[in-house]
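Coordinates in review
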Amino acid sequence: MKIRTRSYMPFAMALVLASLLAGCAKDGGDSAPASDSAQAEASKPVTFTYFNAAVAGKDGNTNETVLGKLLEEQTGVNFKIEHLVGDLNTKLGVMVASGEYPDVVVPDSGIDKMLDAKAFIPLNDLIDRYAPNLKKLYAPYWDQMPSEDGNIYIIPFAASHGFVPDMYQPGAFYIQRGVLKEFGYPKVKTLDEYFDLIKRYKEKHPQINGGDTIGFETLTDDWRFFTLTNPAPNLNGLPNEGEVYVDKDTHLAYATGDKPFMKRWIRKLNEVNSQGLLDKESLVAKYDQYIAKLSTGRVLGFFDYGWQIIPAMQNLAQAGNDDRQFIGFPLVFDQGTKDQYLDPPTFATNRGIGITTSAKDPVRIIQYFDNMVKEENQKLLFWGEKGKTYEVGENGRFFRTEAQIKQAASPEFLQSYGFAYYSYYWPMGAGLYEDGNAYFPDRQPEVVEQSYTEGDKTILEAYGLKVFTDVYSPPETRKWYPVWSANKQQGSPEQVFEQKKTDLQRKAFPRLILASPDQFDAMWDEYVAAFNKLNVKSYENWANGVVQDRLDGKKR
Amino acid sequence: MNEPDSGGRRELRPSPVRRGGRALARKTRWGKLLEQRTLLLMSVPFVLWLIVFRYVPLWGWLIAFQHYRPGKRLLQQEWVGFDHFKFLFQDESFYLVMRNTLAMSLINLTLGFATAIMLAIMLNELRSAFFKRTVQTISYLPHFISWVVASSMIVNALSTDTSGIVNGLLLKVGLIREPILWLAEGKYFWGILGISEVWKNLGWNTIIYLAAITTIDPAQYEAAEIDGANRWQRMLYVTLPGLKPVIVILLILNLGNLLESGFEPQYLLGNGLTADYSENLDLFVLKYGIAMGNFSFATAAGMFKTVISVVLLFGANHIARKLGQPRLF
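Residues numbered from 1 in each chain as written. Chains lettered and ligands numbered in written order. Predicted model: local features only at pLDDT ≥ 70, side-chain atom pairs only at ≥ 80, totals over all residues. Heavy atoms only, no water.

**What about the overall build of chain B?**
- Of the regular secondary structure elements, chain B holds 14 helices and two strands.
- Radius of gyration (C-alpha) of chain B: 26 Å, far over the 20 Å computed for a compact globule of 329 residues.
- Looking at chain B alone, contacts between residues at least 24 apart form 63% of all its contacts between residues at least 6 apart.
- If you average the places of the 32 positive and of the 22 negative side-chain charges in chain B, the two averages end up 11 Å apart. (Helix = DSSP H or I, 4+ residues; strand = E, 2+ residues; numbered from the N terminus. Rg over C-alpha atoms; globule rule 2.2 N^0.38 Å. Contact = heavy atoms within 4.5 Å. Lys, Arg positive; Asp, Glu negative; His and termini not counted. Charge placed at Lys NZ, Arg CZ, Asp CG, Glu CD.)

**Remarks on the overall build of chain A**
- The helix and strand tally for chain A stands at 23 helices and 17 strands.
- For chain A, the C-alpha radius of gyration of 27 Å lies close to 24 Å, the compact-globule estimate for 556 residues.
- Across the 556 residues that make up chain A, the buried fraction comes to 53%.
- Carbon and sulfur atoms make up 52% of the accessible area of chain A, which amounts to about 24900 Å² in all.
- Averaging the coordinates of the 62 positive side-chain charges in chain A and doing the same for the 74 negative ones gives two points 4 Å apart. (Buried < 20%, exposed > 50% of the residue type's maximum accessible area, 1.4 Å probe, protein only. Areas by Shrake-Rupley, 256 points an atom, 1.4 Å probe, with all protein chains shown as cover.)

**Remarks on the confidence of the model for chain A**
- Scored by pLDDT, chain A comes out at a mean of 86, with 91% of its residues at no less than 70.
- Confidence drops under a pLDDT of 50 for residues 25-41 of chain A, and excluding neighbours within four residues, the segment shows seven contacts in the predicted structure. (pLDDT = per-residue confidence, 0-100.)

**Re the environment of L62(B)**
Residue and element names in this part refer to chain B.
- Structurally, the position occupied by L62 is in the loop between α2 (37-55) and β1 (66-67).
- Taking relative accessible area as the criterion, L62 reaches 33% and is therefore assigned partly exposed.
- Residues L62 and M235, spaced 173 residues apart in sequence, show a C-alpha to C-alpha distance of 52 Å.
- Setting aside chain neighbours within four positions, we find L62 in contact with L74 and W79.

**Here's the deal with the sheet that holds strand β3 (residues 77-83) of chain A**
Residue and element names in this part refer to chain A.
- Across the sheet, which stays open at both edges, the five strands sit in the order β2-β3-β1-β4-β14 with mixed pairing between neighbours. Edge positions in the open sheet fall to β2 (60-61) and β14 (354-355), since each of these has one partner strand only.
- Two elements, strand β1 (residues 46-52) and β3, share seven bridges in a ladder whose sense is parallel. Residue pairing in the sheet places N52 in a bridge with H83 of β3. (Pairing = 2+ DSSP bridges.)

**Description of the sheet that holds strand β6 (residues 172-176) of chain A**
All names here are of chain A.
- One open sheet holds the four strands; their spatial order is β9-β12-β6-β13, and the pairing between them is mixed. Where the open sheet ends on each side, the last strands, each with one partner, are β9 (214-217) and β13 (326-329). Averaged over all adjacent pairs, the angle separating strand axes in this sheet is 20 degrees, with direction ignored.
- Judged from the three bridges that link them, β9 and strand β12 (residues 299-304) form a sheet pairing that is parallel. (Axes fitted to C-alpha atoms, helices over the stretch in contact; angles between N-to-C directions.)

**Here we look at the pattern of salt bridges**
- In this structure the tally under the stated criterion is 40 salt bridges over all chains.
- When the shortest N-O distance is used, the salt bridge between D521(A) and R267(A) registers 3.0 Å. One end of the pair, D521(A), is in helix α22 (residues 520-533); the other, R267(A), is in helix α11 (residues 260-274), and 254 residues separate them in sequence.
- The partner of R231(B) in a salt bridge is E125(B), with the nearest N and O atoms 2.7 Å apart. (Salt bridge = Lys/Arg side-chain N within 4 Å of Asp/Glu carboxyl O.)

**Here's the deal with the nonpolar core**
Residues and elements named next belong to chain A.
- Judged by nonpolar contacts, the single largest core of 103 residues is most densely connected at F173 and W265.
- Residues in contact with W265, not counting those within four places in the same chain, are F173, L191, F216, L228, P231, A232, L235 and F333.
- V77, Y138, I155 and F369 belong to the second-largest nonpolar core, a separate cluster that totals 54 residues. (Core = buried A, V, L, I, M, F, W, Y, C linked by side-chain atoms within 4.5 Å.)

**Focus: helix α14 (residues 362-372) of chain A**
- Taken across its eleven residues, α14(A) has nine buried, putting it largely inside the fold.
- Every buried residue belonging to α14(A) is among V363(A), R364(A), I365(A), I366(A), Y368(A), F369(A), D370(A), N371(A) and M372(A), and all of these are buried.

**Side note on unusual backbone geometry**
All names here are of chain A.
- Geometrically, the link from Y481 to P482 is a cis peptide bond, its omega value of -10 degrees lying close to zero.
- Relative to the assigned elements, P482 resides in the loop between α20 (454-462) and α21 (493-514).
- Even without glycine at this site, A158 takes up a positive phi of about 55 degrees.
- With respect to the helices, strands and loops of the structure, A158 is situated in the loop between α6 (132-137) and β5 (159-161).
- Judged by its relative accessible area of 15%, A158 is buried.
- The backbone of H251 shows a phi angle near 60 degrees, a positive value even though the residue is not glycine.
- Its location among the elements puts H251 in the loop between β10 (244-246) and β11 (253-255).
- Overall, H251 belongs to the partly exposed group, its relative accessible area being 24%.

**Some thoughts on the UniProt feature "transmembrane region" (unreviewed entry) in chain B**
Residue and element names in this part refer to chain B.
- Under the UniProt annotation, "transmembrane region" (unreviewed entry) lies at residues 39-64, 102-123, 235-255 and 295-320.
- The distance from the first to the last C-alpha atom of residues 39-64 is 39 Å, and the span holds 65% helix and 0% strand.
- Across residues 295-320, the secondary structure splits into 100% helix and 0% strand, with the terminal C-alpha atoms separated by 37 Å. (UniProt positions renumbered as here; feature names shortened; annotations may be inferred.)

**Description of the packing of aromatic side chains**
Residues and elements named next belong to chain A.
- This structure, assessed with the given rule, holds 70 aromatic pairs over all chains.
- Ring geometry for F497 versus Y539: centroids 4.5 Å apart, planes at 25 degrees, classification stacked. Taken together, the positions of F497 in helix α21 and Y539 in helix α23 (residues 536-551) put the pair 42 residues apart, joining distant regions of the chain. Comparing F497 with Y539 shows no difference in burial state: the two are buried.
- For the cation-ring pair, R200 lies above F183, with the distance from its terminal atom to the ring centre recorded as 4.3 Å.
- Taking the ring centre of Y433 as reference, the NZ or CZ of K379 above it sits at 5.3 Å. (Phe/Tyr/Trp six-rings, centres within 6.5 Å; stacked < 30°, edge-to-face > 60°. Lys NZ or Arg CZ within 6 Å of the ring centre and 35° of its normal.)

**Looking at the interface of chain B and chain A**
- At the interface, 34 residues of chain B touch 34 residues of chain A.
- Where chain B packs against chain A, one counts five salt bridges.
- A salt bridge links K500(A) to D91(B); the nearest nitrogen and oxygen atoms lie 2.8 Å apart.
- If you look at where chain B meets chain A, you find nine residue pairs in polar contact (both at pLDDT 80 or more).
- When contributions to the side of chain B that touches chain A are tallied by element, the ones reaching two or more residues are α2, α6 (147-157), α11 (264-269), α12 (275-278) and α13 (281-290) of chain B. (Polar contact = N/O pair within 3.5 Å; in protein donor to acceptor, adjacent residues only side chain to side chain.)

**As for the domain arrangement of chain B**
- Split into domains, chain B comes out as domain 1 (4-56) and domain 2 (83-322).
- For domain 1 of chain B versus domain 2 of chain B, the distance between C-alpha centres works out to 36 Å. (Domains from an automatic or database assignment.)

**Concerning the side chain of T220(A)**
Residue and element names in this part refer to chain A.
- With respect to the helices and strands, T220 occurs in the loop between β9 and α9 (226-229).
- You can call T220 buried: its relative accessible area is 6%.
- Here the side chain of T220 touches S282 through a polar contact of 3.5 Å, landing on its backbone oxygen.

**A word on the environment of A530(A)**
- Considering the arrangement of structural elements, one finds A530(A) in helix α22.
- On a C-alpha basis, the gap between A530(A) and P165(A) in space is 39 Å, while along the polypeptide they are 365 residues apart.

**Notes on the side chain of R324(A)**
All names here are of chain A.
- If you trace the backbone, R324 turns up in the loop between α13 (310-319) and β13.
- Despite being buried, R324 has no salt bridge partner; D323 is the closest side chain of opposite charge, sitting 5.3 Å away.
- At a separation of 2.6 Å, a polar atom in the side chain of R324 contacts the side chain of Q176.

**Side note on the packing of helix α12 (residues 287-295) of chain A against α13(A)**
All names here are of chain A.
- Interaxial distance between α12 and α13 falls to 8 Å at its minimum, and their mutual angle equals 25 degrees. Accordingly, the angle class assigned to the pair α12 and α13 is roughly parallel. Considering the relative orientation of α12 and α13, their crossing is right-handed. In this structure, α12 uses Y287, I291, L294 and S295 to contact α13, whose residues at the interface are P311, A312, N315 and L316.
- Of the residues assigned to the contact of α12 with α13, the class counts are six nonpolar, two polar and no charged. (Parallel < 35°, antiparallel > 145°, perpendicular 65-115°, else oblique. Left-handed = near helix turned anticlockwise from the far one by under 90°. Nonpolar A, V, L, I, M, F, W, Y, C, P; charged D, E, K, R; others polar.)

Here is the structure:
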């Protein structure tokens, strides 16, 4: 029986070819009328596109949220928000290659790519003419914002006024509360005291929760390798500035890789390892395993940043055993060294939001930005509506009731109310309002204190602290801080140096830590020799250039 | 159309054109093409796709000779000649990286072939179709797990903690006294990688060989049995030679991919301690090319890979022809 292939073959062929052509057809470009006179069309409803490459999130329109709707009533502007899915460099690369951008883009670490491709429009004129509030808010930082050609392409976030410490602890050496309780809440200031406590506790309790007690845990996974290397300058009384540290008096930058404090820190880890206090697996583990180990409650101590250990802390809080939870201290090598774990107040100019060359109505957009940075709108965006999401006490201090705190912790509420969209990644201030309240609820002491558990309060009392970040010394001003935020060109020698240096340290440091103590010095010398073969001098010169430029008030 | 039966199977041969065309001699090349014109037409979309997406973009290789910065038009870019190739070949880690790439590729190739063929032959000998199908399904399930998940499973299995089954097993049996930190030793990395790749791809690779075995004429087996061959000998002298064309073709194709030693397993399972053994060409290009936005360098490395792969492919095919084996082209 011959199948009648002929009769529907051509039809099938045509179908395939047609679908091929349909897939290749280009979408007709939307042409939106540009608004000629801003005043006349000031409250005509319009929607602009906004792309956030910094975080993942739910896409949607701002006017679908309470806050977005309120802002739309004030300005007539709605933003269609799109978040990044997948790889940042790929997505931005495609945008750049096609030359078509959303109206507004938050490029995050892809900022250099976008600036290179001249994707943003200069904002100087627009701000001068249409955005007086914006100009006032950013006045203290105005001279840091332009690029080398004098144009402002990016509005950085968080124009701070007044200093308020981060409520998520910046780096600290964490130790289990049970350890401190056992020995009567001793003062822990130096690294040696810290490890001594851990050693004694481990000897007394070789098992916790059914598994072996782990003395100290570190993290080396992929881009989180800084968790291993950052403690070194901190222990020496320096803030973390990445690959270099800057002498406060001479303002000269030096690479940290081969300095005595780095050697001292790695040697201490080597010593701790030979005593069996270090979890060897932490040198090869991935981040998920690290968090899993921390969550079991068997780890007595580690160094990390508050934002990196959130899942583990949540797990431990849920498990409910306060002894197994942690408290962090800013340790130093020697008694009397002032700790500088807290970052000095900075204005990170290498992150921000920009209006692209594809924007159809930059004037409307700038006016929207201007409107949102007015103080009453800032209070609206971060605190919400009085009586609904926050309350005001007799002395004018803002606070939240327990119900409101709970409400603000729910992701669905944050999304539907609009906090999820407006909490960052827009032109905004930071620090304190003119009436002294903190900009963000989670940095307002009245709100933070509400969320403390019994265990938290006990340990805070034992150490005489009001909030956990009271353990830190206030930061000293460093006008150039931080060197690591300076823009680097793609493929520049600085970038190559950083990559090679990271490669070298990733190979050498774990080996140094696992080696037997008598081989340490010889191996360290080998490492330093290899380190010096890299282009250290040129990197230090570049860093010096950055420091000098920033001290002179130029943007780098 | 009514062919005589041969050995109980009907052979299908293309029938000469009857309607709407002349009966052309089947011997000339054009004659053959015209006969099979429906098949050719079916392949047109795919050939088009191939040309548009694989051949037309080749002109972008120009980027490898420039210092490419997005935003400027292609012809306005700065030309740097062979600088990127120089950076590639003169980097001190390049030869280490090449060594790792080739070693891991060859290990995967040999292990992959050997295990897949063995499993296919063994499965073929099974009588129970149910058991055969169950084993097949279980064995090719890991292929569908992404490497991110698979590497998490592998890292857990190799852990020195209580969850590490490998260490647990070895300790219980008494082969080792202390758990070994497998992922900290560069020397073990190639072995771990080989075993992981086998675990992941074994079942999938077996499918092709099983399919190839079914095309072997059963009459040959019967003849061998009559001649007194036992199971082993039938395997050696009937099955394996019957598989030869498939094996050679797949070998040629895989040799062309020798520089493609994989990216995800090395990226996910490697770490600082094993870097000397785990870093391959793809990781190197990622670090110094794409991650830094250095598209020119990434293109140069890609060009290098393509050239070598083409040479290997043609070379392998040529050797196959010389040896009288079935070949790709």
